[in-house]
Amino acid sequence: MLIFSHWIIVFLLAPLFVGVIAKVKAFFAGKKGPSLFQPFFDLQRLFQKDSVYSRTTTWVFRAVPIICLAAVLLLALLVPLGPFKAPLQFTGDIFLAASILGLARFFMIIAALDTGYSFEGMGASREAFFSCLCEMILFMNFITLSLAQHSISLSSMIGGNLPLSWKLWGTVLILVVGSFFILILAENARIPIDDPDTHLELTMIHEVKILDHSGVDLGFLLYASAIKLFVFAGILIPIILPIEPVNKVMDMLIFLGGMLAVSIAVGIVESTTARLRLNRVNHLLLIAFALGFFGFVVKMWKG
Amino acid sequence: MTSWVDVICITVVFLSLIILSNYRVAAMIRIFAIQSFVLGLLPFFLHAFCISNRDVILGVVTMVLKAVLVPSILFWAIRHVSMRSEVKPIIGLSASIILGAMIIAGAFWVSLSLKLPGKPASDLILPCSLSTVLLGFMIMVTRTRAVTQVLGYLIMENGIFLFAVSLFDVMPVLIEMGILLDIFVAVFIMAIVVNHINEEFEKNPASVTFSKMGETF
Amino acid sequence: MEKYFQSSWHVPFGEFSLKFDPLSFIFLVAVIILILCAGIYAVGYMRPYASKRPVGLHIFFYLVLSLALIVIVLANNVILFLGAWEIMSVSAFFLVVFKDEESDVRRAGFLYLIASHCGTFLLIIMFFLMASNSGSMNFDIISHAPFPPVLAGVIFLLAIFGFGVKAGFIPLHIWLPHAHPAAPSHVSAVLSGVMIKMGIYGICRVLWMIGVLPDWCGYLLLIIGVLCGVMGVLYALGQHELKRLLAYHSIENIGIVALGLGVGLLGESHRMPFLAVLGFGGALLHVFNHAIFKGLLFLAAGAVIQKTHTGEMDRMGGMAKVMPLVSILFLIGALAICGLPLFNGFISEFIIYFGLFQGIFHLPLQGTFVCALGIIALALMGTLALACFSKVYGTVFLGEPRVPKGSQLGERISLWMCIPMIVLAGFCLWIGLFPRTAAGIAFLGGAFLSHADLLELPMDNIFSPLTCMIGGVVLFLALVLILTYLRVLFLKALPASVSETWRCGFSYVTPRMQYTSSSFARLILDFFKRILFYKRTFPQVKGFFPQSASMSSSVSDFFEEFLFKPVFGKLTNLSRKLDISRIRYTQMYLMYIFLYLIILLVWKLK
């Protein structure tokens, strides 16, 4: 039952999360901006459209939207969402999370190469490169958190006695949060790394890979990326807001407030910074890695 | 326990790392100003309940000098020298960041076996000051521009300041003030020297390579 | 679990003593499966050569190699082991130089032979040290004698270098990327799948005989693993030739195995049997898994190469439409080698990750640090391998053919070649979805290696996460099925049309505009260009109607170019200079022998 409540939450709230970010960006640009529910309308429109497939493509191209969506739905089950505990939690589930994301990434890359044109190949190449750095950052933070919490299960790494940890090694957690926030921006193709709003540009990473998808497939992919952003934010919130559970309603409110805060933070970053030049992105990611590593060193120092 | 001193320590080290990974001189100076400002906050948090006059003087002087005056002199220097805005590191920025991270780890490693005479306000002060000094050194070693050399030197000094503050009760405030004055004068002289080098080369347009050399030491 | 077979064999110090224990069991199963599969594959693969070359001789050496491999893993005596080791090396040499009219192949073969003998030289010293410590050539008796720590360290180092040549530890790997592509594909599969694992087997056997080692050995092995893994996969990314790429990937996987062994050693030296079993068990399972999926990949690559008559990935493309079955089998191998869920690589990498995390929690400070380094390196290896194999799969099997379509019609891939690949893919899937048996056997081997009792250890701590993990993977499969059904429902009402790829309005498009494997890997290689010595050469394009131009990119192997070539160049020069002393009369040589005899006699008199 818990599984379905999780899925319902991510299905309902993930596009809304994207809508809030768009609203914040519109506010900073001095515009009214689209409705909060615009992502839902977009998805609905895509689900009603017919699809066009390239002659070059094979089954891989058609399978990718399904694999991506399934991967993020599985990922969602590993993360506690407010009052709802993670339905799937066991020692070592972080490897399941990382490798399922890896599987989706693998298929994403080969599907981009499947279209047989240079734009998609470009996106695939960039994705392959930046994901190497992202994976290092992810595991660096996992190591630090697991040392702090003495567990390698995602739920207890970001939950449990974190309030106590903030008192004991708040500095470590500040570094982890900073590093993880950059990771969220990078993994979900947000602005300093990638621009989610423009298509067809030579500078893009994520958007250019899905250039050839249309109709239902594109809808699946957009849904998947919205859910991925939501779930990553869901990992960050319990680290930032280590509030011990009071009751279900309060928990839900705290969770929603945290989500709102993260989406506003992402929106502010997107409105105030420019997208980095492509050969500077790896510096940003390396800084995030160095942050995580610094956190690990401080954790070891503090014992 | 996590204290504000801890937070300031890691912020200082992190900002040095950011300076190391930056490629624009102006941005480097700006981040240095932020770092100095954060460092200037440190005396206010050292003695949580009784902020003495000494703390206030030290903090305010540091902020005014290093977060306002020194950066503006540096800005003045780079404006007048009409140099290219990007630094030319000897080793790449990516390698610098990785090396910087390793230097931090090394500083922590060394600090394990170093003992301080008194008990500092936070156990992070010693390794963080050591890391900052080493990172400043690294900036001096790997960057070729005159201004970046000075910046590296200033970051080193920031590291020493962090260390000195932990011995604050032992050390007279006069010495720290003297050091701050020295730095101010050093930066001032540097700015004038850089300016003169540039003027010399502009007067004597021997070759393009010579005028480029003016930007480096 | 231990069974003996003894027979008389009239060789000084030698005895024909075979021993069957959990360690040899794991290697034996890998050897037998891969030898059989590659052998069956060879029936189809060698058919085009049947009338042109001495195929019979090739098969003879293949069988000799198989026998030698089996004897190595079962040998219980130094002399028997070394004898089988030499037979293996020499027969593998003859297998590698199958196409001996090509000078590259001959060169690769000799390089292999020389490297292999250098390794054996160290091994002989090592075994003599061990035998002199215990006074016997029998492995069992050697293992019962206590080793002083210094001697144990020396033996360990000799084993790392001696067996490391065969296993392909960086920087001793230089023969490997030459020999594997030169050999026919089924031989490459055996070389990469099991023969280089004999190096790992040797190290394991030595570890078992020595017992507890000082903890620097564990750190050394971990560092070697990190180095091998990261450098191996980076070199692989820079390759343009399919089989050479796979050969470099073997170095990466050997690195992963070394990581596991390092964790095991650390557990052993810090008296943490659970950690030791995790590390050794993960390493052994990865040995088996690598044999399976690397075999599969080499066989599939062989099929592709037979079809296209080239190994250059930049000249392939769109093979999934030409050979759908092989493309799926290759995909399975690729997913397995990247350590992605559903397949076997995931299981062993998970166990090694798990061991490293246990190391982080329980080891002292430097152990924590090195284990964290191992985890980061393993994560980096995983994504780099993912980049590498998505590059291979995307450029070889997907997209449009980069050369005219007619040139891809080589020989038909016969059933003889398909069935072994299907069997290997089945093993990948079986271990990936039902890991309990294989992991259990691997842990048995790990417990045997670390002299621990499996029943006293909390093995449930690893088995229950493994079960949950498989549950998650099965849930993922179910999700994929549900979503597929949903998509079919959605699509039923809507028309789907087929057209060209959207080219952003550009209409004159040729297949050569696709991303090639070199351009795909460029970003990553550029990032690591300082350590890879990555070079790209391209001419300046001039004028409005430029002439045709070509660009090339290459990665040079640091250890080969800057370590071995200069050193061996110096050695060659030195031997040229010593050449003066060589005299061309036979009598002189006889005199040398005579003098030597006299010296020996005088020495005996004393």
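Reading the values: rules and limits
Residues numbered from 1 in each chain as written. Chains lettered and ligands numbered in written order. Predicted model: local features only at pLDDT ≥ 70, side-chain atom pairs only at ≥ 80, totals over all residues. Helix = DSSP H or I, 4+ residues; strand = E, 2+ residues; numbered from the N terminus. Buried ≥ 20, exposed ≤ 12 C-beta atoms within 10 Å, placed from the backbone. Axes fitted to C-alpha atoms, helices over the stretch in contact; angles between N-to-C directions. Parallel < 35°, antiparallel > 145°, perpendicular 65-115°, else oblique. Contact = placed C-beta atoms within 7 Å. Left-handed = near helix turned anticlockwise from the far one by under 90°. Nonpolar A, V, L, I, M, F, W, Y, C, P; charged D, E, K, R; others polar. Expected span 1.5 Å × (residues − 1). Domains from an automatic or database assignment.

A look at the overall build of chain B
So, step 1. The helix and strand inventory of chain B stands at eight helices and zero strands.
So, step 2. Relative to its full complement of 217 residues, chain B shows a buried share of 42%.

Comments concerning the packing of helix 1 (residues 2–28) of chain A against helix 9 (residues 215–240) of chain A
Residue and element names in this part refer to chain A.
So, step 1. Close contact between helix 1 and helix 9 brings their axes to 8 Å; oriented N to C, the two are set at 90°. Classed by the angle they form, the pair helix 1 and helix 9 counts as roughly perpendicular. Of the residues in helix 9, those touching helix 1 at Val10, Leu13, Ala14, Pro15, Phe17 and Val18 are Ala226, Ile227, Leu229, Phe230, Val231 and Ala233.

Regarding the packing of helix 5 (residues 125–142) of chain B against helix 6 (residues 146–166) of chain B
Residues and elements named next belong to chain B.
So, step 1. At a closest axis distance of 7 Å, the pairing of helix 5 and helix 6 adopts a crossing angle of 170°. The angle between helix 5 and helix 6 falls in the class roughly antiparallel. Crossing of helix 5 over helix 6 shows left-handed handedness.
So, step 2. Of the residues assigned to the contact of helix 5 with helix 6, the class counts are 15 nonpolar, nine polar and no charged.

A word on the environment of C:Thr510
All names here are of chain C.
So, step 1. Its location among the elements puts threonine 510 in the loop between strand 3 (496–499) and helix 19 (517–527).
So, step 2. Residue class for threonine 510 comes out exposed when judged on the 8 C-beta atoms lying within 10 Å of it.
So, step 3. Considered as a pair, threonine 510 and arginine 402 are 108 residues apart in the sequence and their alpha carbons are 8.8 Å apart.

Overview of the environment of B:Ile90
So, step 1. Considering the arrangement of structural elements, one finds B:Ile90 in the loop between helix 3 (53–81) and helix 4 (93–111).
So, step 2. Setting aside residues up to four positions removed in sequence, B:Ile90 forms contacts with B:Thr142 and B:Thr144.

A look at helix 2 (residues 55–74) of chain C
Residue and element names in this part refer to chain C.
So, step 1. End to end, helix 2 covers 29 Å across 20 residues, agreeing with the expected 28 Å (1.5 Å per residue, within 8%).
So, step 2. Three or more residues of helix 2 are buried, namely Tyr62, Leu65, Ser66, Ala68, Leu69, Ile72, Val73 and Leu74.
So, step 3. Looking at the buried positions of helix 2, the neighbouring elements they touch are strand 2 (16–20), helix 1 (22–45), helix 3 (78–96) and helix 8 (185–210).

Re the domain arrangement of chain C
Note on interface size: it is often stated as the accessible area lost on association of the parts.
So, step 1. Examined at the domain level, chain C breaks down into domain 1 (3–467) and domain 2 (558–605).
So, step 2. Computed over C-alpha atoms, the centres of domain 1 of chain C and domain 2 of chain C are 36 Å apart.

Comments concerning helix 15 (residues 365–396) of chain C
So, step 1. Compared with the 46 Å implied by 1.5 Å per residue over 32 residues, the 46 Å span of helix 15 of chain C between its first and last C-alpha is a close match.
So, step 2. Taking burial as the measure, the 32 residues of helix 15 of chain C include 27 buried ones, the bulk of the element.

Things to note about unusual backbone geometry
With glycine set apart, most residues show a phi of negative sign, and most peptide bonds adopt trans.
So, step 1. In this structure, the amide linkage connecting C:Ile170 to the following residue, C:Pro171, adopts the cis form with an omega of 5°.
So, step 2. When you line up the elements, C:Pro171 lands in the loop between helix 6 (149–167) and helix 7 (176–182).
So, step 3. Despite not being glycine, A:His150 has its phi angle at roughly 55°, a positive value.
So, step 4. Along the chain, the position of A:His150 falls in the loop between helix 5 (118–149) and helix 6 (154–158).
So, step 5. Classification of A:His150 as exposed rests on a count of 12 C-beta atoms within 10 Å.
So, step 6. Even without being a glycine, C:His451 presents a positive backbone phi close to 55°.
So, step 7. You can see C:His451 is positioned in the loop between helix 17 (435–449) and helix 18 (460–493).

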